[in-house]
Structure formats: C-alpha cells, structure tokens
Amino acid sequence: MSPAVQQTALPAPPLRDFGGGPFGIYVHVPFCATRCGYCDFNTYTAGELGSSASPESWLDALRGEMSTAAAAFDALPSRQPPVSTVFVGGGTPSLLGGDGLADVLEAVRVNFTLAADAEVTTESNPESTSPAFFERLRAAGYTRISLGMQSAATHVLRILDRTHTPGRPVAAAREAREAGFDHVNLDLIYGTPGESDADLDASLDAVLAAGVDHVSAYSLIVEDGTAMARKVRRGELPAPDEDVLASRYERIDARLSAAGLRWYEVSNWAASDSGRCRHNLGYWDGGDWLGAGPGAHSHVGGVRWWNVKHPGRYAERIAAAATLPADGWEELTDAERYTERIMLAVRLRSGLPVADLDADGRAAIDGLVAEGLVALRDRVIVLTDRGRLLADGVVRTLLS
C-alpha cells in the first residue's frame, strides 16, 4: 500500500500509462430515501446526513472535482482520451430527478470530451421515475437505463427492505423504452431467504415481459455490518444456501438463454453485443476510469485512488482547495495487475487468452478442462456452464 495521496496533484504513476485505451467516468450519487437491509454501499438517507450535505452541495462539489481532475489529466504528457462511457450509480441517482441528472451529465461535458458514440447510463429506482423523467434523460443525452427490480415477489422485497411495488419496474422499463431508450437493464437478486422457485419464475416472467435487452442477476450476499447480517446472526433469517443459489443461477440462465439473452459475464446477459454494458466491460477489461463523488474509486495508468466517503467531508475537501478529494492511493504491482486480470477476465464469455497466464497458470489448464470447468477454444480458456457456478474456484486454481 502506498502512502496517503498528496492533495496537490495526482500520484505520479498515471503520468506514465494513461491514455492508452478506453476511458470511462463513474459518478457516485450517495443519496437514498431509505436504507435496504442487505446494502453496504456508501449511501446515506436524509436523516443520517442532517444538514451536513445535500444534493445541491454534492453537485457543487462534483463540479469542482470534475474541473480539478480534468486539469490534472490535461497536464499529462499523454493526450487525454475522449470519454467513451459514463455511469451514474449510487445510491439512488433518480432521486436527483431528470433535471438533476441532466446537470450531472453537463458537469462531465463541461470538463471532458464525450466520444460521439458514448454510452451514458444511470441507475434508477423504479418508484422515483416517470415518463417525464425518462424523456428528460433522453433529451439530456443519456443512452441507457438500469433499473433495480430485485424481485417480483412482495414478501421477498419486504425481506430486502425494498420500497417499490412489484409491478413498477416492468412499467418503468416500458416507459423508458417508449421514451426512446434502446438499452434498458433490470437487476435481479436471487437466493433471498423465503424466495421459492415459483417466486423466481414470477420475477423472470416479469423481466421477459418488460422487453429489456439486458439483465443482471446477482446472488444475495450477506455483508458484514448490514441489518440483514444482524438478522442472520440472531437467527431471524437463514443464511443463503449455496446449493439453492447454484440451482437458481441455472434456472435464470436457462430462462434468459431461451429468450435470446446470452451471458457475456457470469452475472450479466444481453440480447446483442450492442446491449452489453460497455462501462462495466471497461472495468472487467482493465481499463481506465475516473470515479467522482464520495467514496468513488478511480483507476488510471495502474494507480488506484479512492475519495473520502462522507458527502460532507467530500464537499469540504473540494471547497477548501482545488484538489482531488482522495483519501488514499496505491500503485498496483505487476503481481497485483496479473491477479486482477485473471479474476476479471475469467468471468467473461470472451475468455482469458492462454498467453496471458504465467507458467503455473498454464500448467493448471489441463486439470480444469478435465474437471469440466473450462473449455479451451483457439488458445482461450472459457468457463463452461458448470465452471460459471465455480468461477471463484477456477480463479484460485489459476493463481495457485
């Protein structure tokens, strides 16, 4: 781990490598109306923040961070690449409303050059959207919508502390399509205590009825420090069952595949190559990105840094001086870069070239093929259906 980042400039290593490939910007919106019991993201309700921060102070600080980062990048010897993807996540970005999200994108445009074909995504809670909201986003230049659905079963949503009504995500997806969005994602969470196969089938029925071109499905993970973790520890909820999670994943994949959505990353399916999330592919392919907002992480030229987490401190840091609000940074070693490359590329349908592996990794391939966990195609290893269920184990074997 490197020493704490200097507040006067970016750490030196990005001067070396930045600008060699696609460049994305992630904007973190830290606000939520309520806190979901399973969530450990850097989010805050109005009651938790009090008068220490607001959407207005956050947006002012975001503009300052964007301006400072752009100036730092412009000073690099390598030419700043155009921004190929923007992803506004949270939190609940849709709480900003259509005008607020338009202001966020304008803050990017003022300071950076958007590529002509840039993908611009925002996450949204279905309950804080409307036809007018989607029309405003489309006019502002957003190209992709990601909606948090999680489940179509009321009792499952209740366990997750989700506030939307079961039918609202499908309606919101249709409204987004009617507003002109070709690319719309619905998120699912599977394996929630109390969820049955019938509940999952109902959720998949709803997803497919919505006509979206992208689905993300994640197994429930009980994170330490969350309300759900406390309930599991007290015995009020059972922990997710690994066998049930595997069965549910297979059920999801079968239904989505039959409907024409193909997996391209272990937890993501798209109806076409153009429907894949290019921003997330940038992460998985080891690209460069600026993370703006409280707690956001950046990765540029083999260096990673992370912002102060609390929105109040974030705004104070930027107001005090025109500096990046970083809380720390590290330069990735060659060994760390190698590990991350294996961890991420293995999860992709495009696979991991054998040439990217060291001698120990190459020596492990035959055993993984014999176990039916990977297939070898044109000197690229690709997870089999069984291998997707055991992807973490495949990674451990390649790195051992």
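Residues numbered from 1 in each chain as written. Predicted model: local features only at pLDDT ≥ 70, side-chain atom pairs only at ≥ 80, totals over all residues. Heavy atoms only, no water.

Naming follows an unreviewed UniProt entry, where the chain appears as Heme chaperone HemW of Nocardia jiangxiensis. The record held by UniProt for the chain lists under Sequence similarities (unreviewed entry) the comment "Belongs to the anaerobic coproporphyrinogen-III oxidase family. HemW subfamily." We quote the UniProt Function (unreviewed entry) comment for the chain here in full: "Probably acts as a heme chaperone, transferring heme to an unknown acceptor. Binds one molecule of heme per monomer, possibly covalently. Binds 1 [4Fe-4S] cluster. The cluster is coordinated with 3 cysteines and an exchangeable S-adenosyl-L-methionine." (UniProt positions renumbered as here; feature names shortened; annotations may be inferred.)

Participant: How should I be thinking about the overall build of the chain in this particular structure?
Facilitator: Summing up its helical and strand segments, the chain has 16 helices and 15 strands in all. Over its C-alpha trace the chain gives a radius of gyration of 21 Å, about what one expects of a compact globule, namely 21 Å for 400 residues. Expressed along its principal axes, the backbone C-alpha trace of the chain runs to roughly 55 × 50 × 45 Å. For the chain, buried positions account for 53% of its 400 residues. Here the contacts in the chain between residues at least 6 apart in sequence split such that 71% fall between residues at least 24 apart. (Helix = DSSP H or I, 4+ residues; strand = E, 2+ residues; numbered from the N terminus. Rg over C-alpha atoms; globule rule 2.2 N^0.38 Å. Buried < 20%, exposed > 50% of the residue type's maximum accessible area, 1.4 Å probe, protein only. Contact = heavy atoms within 4.5 Å.)

Participant: Is there a simple way to think about the pairing of strand β2 (residues 83–90) in this case?
Facilitator: Both faces of the sheet carry side chains from a regular strand, because those side chains alternate between them. The buried fraction of β2 amounts to eight of the eight residues, a majority that puts the element mostly inside the structure. For strand β1 (residues 23–29) and β2, the ladder comprises seven bridges, and the chain directions are parallel. Among the inter-strand pairings, valine 27 is bridged to a residue of β2, identified as valine 88. As paired strands, β2 and strand β3 (residues 114–124) are joined by five bridges and run parallel to one another. Across the sheet, residue valine 83 finds its bridge partner in β3, namely leucine 114. This β-α-β element, β2 to helix α4 (residues 97–111) to β3, shows right-handed connectivity. (Pairing = 2+ DSSP bridges. Right-handed = clockwise from strand over helix to strand, strands pointing away.)

Participant: Just checking my understanding: could you explain the nonpolar core for this structure?
Facilitator: Nonpolar side chains in soluble globular proteins tend to end up buried together. Core analysis: the biggest nonpolar cluster contains 93 residues, and Trp58, Phe112, Tyr142 and Leu398 have the highest contact counts within it. Counting residues per element, this core draws most heavily on helix α3 (residues 55–74), which supplies eight residues. Residues Cys39, Ala153, Ile189 and Leu220 belong to the second largest nonpolar core, which totals 10 residues. (Core = buried A, V, L, I, M, F, W, Y, C linked by side-chain atoms within 4.5 Å.)

Participant: How should I be thinking about unusual backbone geometry in this particular structure?
Facilitator: Note: most peptide bonds trans; most residues except glycine with negative phi. Put simply, glycine 90 and glycine 91 share a cis peptide bond, and its omega is 20°. A positive phi is found at aspartate 161, a non-glycine position, where the angle reads about 65°. Among the secondary structure elements, aspartate 161 is positioned in the loop between α6 (154–160) and α7 (168–178). Overall, the relative accessible area of 29% leaves aspartate 161 in the partly exposed class.

Participant: Please clarify how the packing of α3 against α4 should be interpreted in this entry.
Facilitator: Working note: a packed helix pair is described by the angle between its axes plus the distance between those axes. The interhelical angle for the contact between α3 and α4, taken along N-to-C directions, is 20°, at an axis separation of 9 Å. Looking at the two axes, α3 sits roughly parallel to α4. Like other packed secondary-structure pairs, α3 and α4 cross with a definite hand, here right-handed. Packed against α3, whose contacting residues are Trp58, Leu59, Leu62, Arg63, Met66, Ser67 and Ala70, the element α4 presents Asp103, Val104, Ala107, Val108 and Asn111 at the interface. Here the residues of the contact of α3 with α4 sort into eight nonpolar, two polar and two charged. (Axes fitted to C-alpha atoms, helices over the stretch in contact; angles between N-to-C directions. Parallel < 35°, antiparallel > 145°, perpendicular 65-115°, else oblique. Left-handed = near helix turned anticlockwise from the far one by under 90°. Nonpolar A, V, L, I, M, F, W, Y, C, P; charged D, E, K, R; others polar.)

Participant: When you look at helix α8 (residues 197–210) in this model, what are you seeing that I'm missing?
Facilitator: Between the first and last C-alpha of α8 there are 20 Å, a value that for 14 residues agrees with the 20 Å anticipated at 1.5 Å per step. Of all the residues in α8, the buried ones are Asp199, Leu200, Ser203, Leu204, Ala206, Val207 and Ala210. Along the axis of α8, the buried positions cluster into a sector of 160°, meaning they face one direction only. Lining the buried residues of α8 we find β4 (144–150), α6, α7, β5 (183–190), β6 (214–219) and α10 (242–258). Where α8 terminates, the next one or two residues include glycine 211, which has phi positive at roughly 75°. (Expected span 1.5 Å × (residues − 1). Arc of directions from axis to C-beta.)

Participant: Would you explain the layout of surface pockets in this entry?
Facilitator: Unoccupied space between atoms shows up once a probe the size of one water molecule is rolled over them. The space that makes up the second largest pocket amounts to roughly 370 Å³. For the lining of the second largest pocket, the element with the most residues is helix α13 (residues 334–345), which contributes five residues. Here the lining of the second largest pocket is built from residues that sort into seven nonpolar, seven polar and seven charged. (1 Å grid on protein atoms, 1.4 Å probe; cavity = no way out; pocket = protein on both sides within 12 Å on 5 of 7 lines; lining within 4 Å. Points joined across faces, edges and corners; volume = space filled by probe spheres on them.)

Participant: So what exactly am I meant to see when it comes to the pairing of β6 here?
Facilitator: One ladder, built from six bridges, connects β5 with β6; its direction is parallel. Of the residues in β6, the one forming a bridge with aspartate 187 is serine 216. Taken together, β5, α8 and β6 form a β-α-β motif whose crossover is right-handed. Sheet topology places β6 next to strand β8 (residues 268–270); three bridges connect them, and they run antiparallel. Opposite serine 216, over in β8, you have asparagine 268 as the bridge partner.

Participant: What's the story with the environment of lysine 309 in this structure? I'm lost.
Facilitator: Topologically, lysine 309 is positioned in the loop between β11 (303–307) and α12 (311–320). It is 20 Å that separates the C-alpha atoms of lysine 309 and alanine 227, two residues lying 82 residues apart in sequence. Discounting chain neighbours no more than four positions away, the residues touching lysine 309 are Asn42, Tyr44, Pro294 and Gly295.

Participant: What's the story with the side chain of threonine 68 in this structure? I'm lost.
Facilitator: Tracing the backbone through its elements, the reader meets threonine 68 in helix α3. Separated by 3.0 Å, the side chain of threonine 68 and the backbone oxygen of glycine 64 make a polar contact. (Polar contact = N/O pair within 3.5 Å; in protein donor to acceptor, adjacent residues only side chain to side chain.)

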